[in-house]
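Chain by chain, the residues run as shown.
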Amino acid sequence: MINSSENLQRLIKELENLPGVGRKSAGRLAYHIANAPKEKIESLVNAINIVRDNIKKCKICFCLSDDDICNICSNENRNKKQIMVVENERDMIAYENVGEYKGVYHILGGALSPLLGIGPNELKIKELMARLSADVEEVILATNSSVEGETTATYLMKLIKPLNIKVSRIASGVPVGGDIENVDEVTLLRALNGRLVL
Ligand code: ZN
């Protein structure tokens with residue numbers, strides 16, 4: 001994209017590096033920023049800096065949090081005996097948006113993939129097993145229905161079953177190879193309610 005300002009050009013390049021932002025949207029955002037009142041931009045930059053400097057991972061479930069323990073893990077109304085295992089935060093947010101699930105989560109930080117060199121040690125599996133020494137009734141495996149997600153679910157099922165804890169897998173409805181974060185809420189709810197005990 002040719003334009004009259006090198007500074008603007010640089011901003012467009014930075015914005016283009018963000019996930020989901022194509023060339024056109026980067027241009028649109030950059031022009032919006034260039035024309036916006038100074039206070040608006042300052043408050044945007046502030047919000048970015050605050051997140052960068054203060055965000056941490058919850059010590060229990062490993063989701064992003066402002067505190068050592070996130071507001072889901074510290075919520076007394078959530079059922080700590082039911083743990084839903086997801087690959088990443090975006091999947092957790094997708095389930096939170098459905099609003100029906102009252103248990104807690106465990107964020108693995110990805111899925112097993114021999115091809116990409118991601119083994120059990122690269123994921124928060126040890127940490128999940130440590131959580132299971134407390135009084136846990138059910139682990140819901142809500143990894144994606146991709147090959148990696150299925151491999152991870154099978155691996156975890158084999159680890160957890162001998163502990164005599166109920167292990168379930170979200171039902172079909174989440175399309176094969178589909179990412180949970182892109183699935184609509186009705187389908188997610190159906191997948192959760194129709195989960196199969198392994
Ligand atoms: Zn947490």
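Data block above holds the structure.
Numbers given to residues run from 1 along each chain, matching the order in which its sequence is written. The predicted nature of this model means local features are confined to residues of pLDDT at least 70 and side-chain atom pairs, given and counted, to a pLDDT of 80 or more, with totals for whole chains, interfaces and linings taken over all residues. Water and hydrogen atoms were dropped before computing side-chain values, which therefore reflect all heavy atoms in the structure.

*Asks:* How should the coordination of the zinc ion be read in this particular structure?
*Replies:* Tetrahedral coordination by four donors sets the ideal angle at the metal to 109.5 degrees; octahedral coordination by six donors sets it to 90 or 180 degrees. Metal donors were taken as nitrogen, oxygen and sulfur atoms no farther than 2.8 Å from the ion, or 3.2 Å where the ion is Na, K or Ca. Water is excluded, so coordination may look unfinished. Note on the zinc ion: its protein donors are Cys58 (SG), Cys61 (SG), Cys70 (SG) and Cys73 (SG). The metal-donor distances range over 2.3 Å. Sequence spacing of the donors to the zinc ion: C-x2-C-x8-C-x2-C. With respect to class, Cys58 is no different from Cys61; both count as buried. For the exposure calls, accessible area comes from a 1.4 Å probe over protein chains only, and a residue counts as buried if that area is under 20% of its type's maximum, exposed if over 50%, partly exposed in between.

*Asks:* Would you mind showing me how to read the nonpolar core here?
*Replies:* For soluble globular proteins, nonpolar side chains are generally found buried alongside one another. Buried Ala, Val, Leu, Ile, Met, Phe, Trp, Tyr and Cys residues that are joined via side-chain atoms within 4.5 Å together make up what is termed a nonpolar core. With 40 residues, the main nonpolar core has Met84, Tyr95, Val139, Leu156 and Ile160 as its most contacted residues. Each helix corresponds to a stretch of at least 4 residues labelled H or I by DSSP, and each strand to a stretch of at least 2 residues labelled E; elements are numbered beginning at the N terminus. Mapped onto this core, the elements with two or more residues apiece are β3 (79–86), α4 (89–98), β4 (103–107), α5 (125–131), β5 (138–141), α6 (147–160) and α7 (185–193). Contact between two residues is taken to exist if any of their heavy atoms lie within 4.5 Å; hydrogens are not considered. Apart from residues no more than four positions distant in its own chain, Leu156 is found in contact with Val85, Leu108, Ile125, Leu128 and Leu141. Judged by nonpolar contacts, the second largest core, of five residues, contains Ile12, Leu15, Ala26 and Ala30.

*Asks:* Can you walk me through the pattern of salt bridges in this structure?
*Replies:* Pairs can form between side chains of opposite charge whenever their charged atoms are close. By convention in these notes, a salt bridge is any Lys or Arg side-chain nitrogen within 4 Å of a carboxyl oxygen on Asp or Glu. Here the structure, examined in full by the defined rule, presents nine salt bridges. The partner of Arg52 in a salt bridge is Asp53, and the shortest N-O contact between them spans 3.1 Å. No difference in accessibility class separates Arg52 from Asp53, as the two residues are exposed. Connected through shared salt-bridge partners, Lys56, Lys59 and Asp68 make up one network.

*Asks:* What is the right way to look at the pairing of β5 in this model?
*Replies:* Along any regular strand, the residues point their side chains to alternate faces of the sheet. By the alternation rule, side chains of β5 split into Glu138 and Ile140 and Val139 and Leu141, which are all buried. Where β3 meets β5, four bridges bridge the pair, whose relative direction is parallel. Of the residues in β5, the one forming a bridge with Met84 is Ile140. A pair of strands is considered paired only if DSSP assigns at least 2 bridges between the two.

*Asks:* How do you make sense of the side chain of Asn88 when you look at a structure like this?
*Replies:* As for its position among the elements, Asn88 is in the loop between β3 and α4. Relative accessible area serves as the criterion here: at 18%, Asn88 is assigned to the buried category.

*Asks:* Would you explain the state of the cysteines in this entry?
*Replies:* Here, disulfide denotes a covalent bond that connects the sulfur atoms of two cysteines. When two cysteine sulfur atoms are found within 2.5 Å, that pair is recorded as a disulfide. Summed over the entire model, instances satisfying the criterion amount to zero disulfides. Here Cys63 is not disulfide-linked; the sulfur of Cys61 is the nearest cysteine sulfur, at 3.5 Å.

Note that every value here comes from positions in space, so none of it alone points to a role or purpose.
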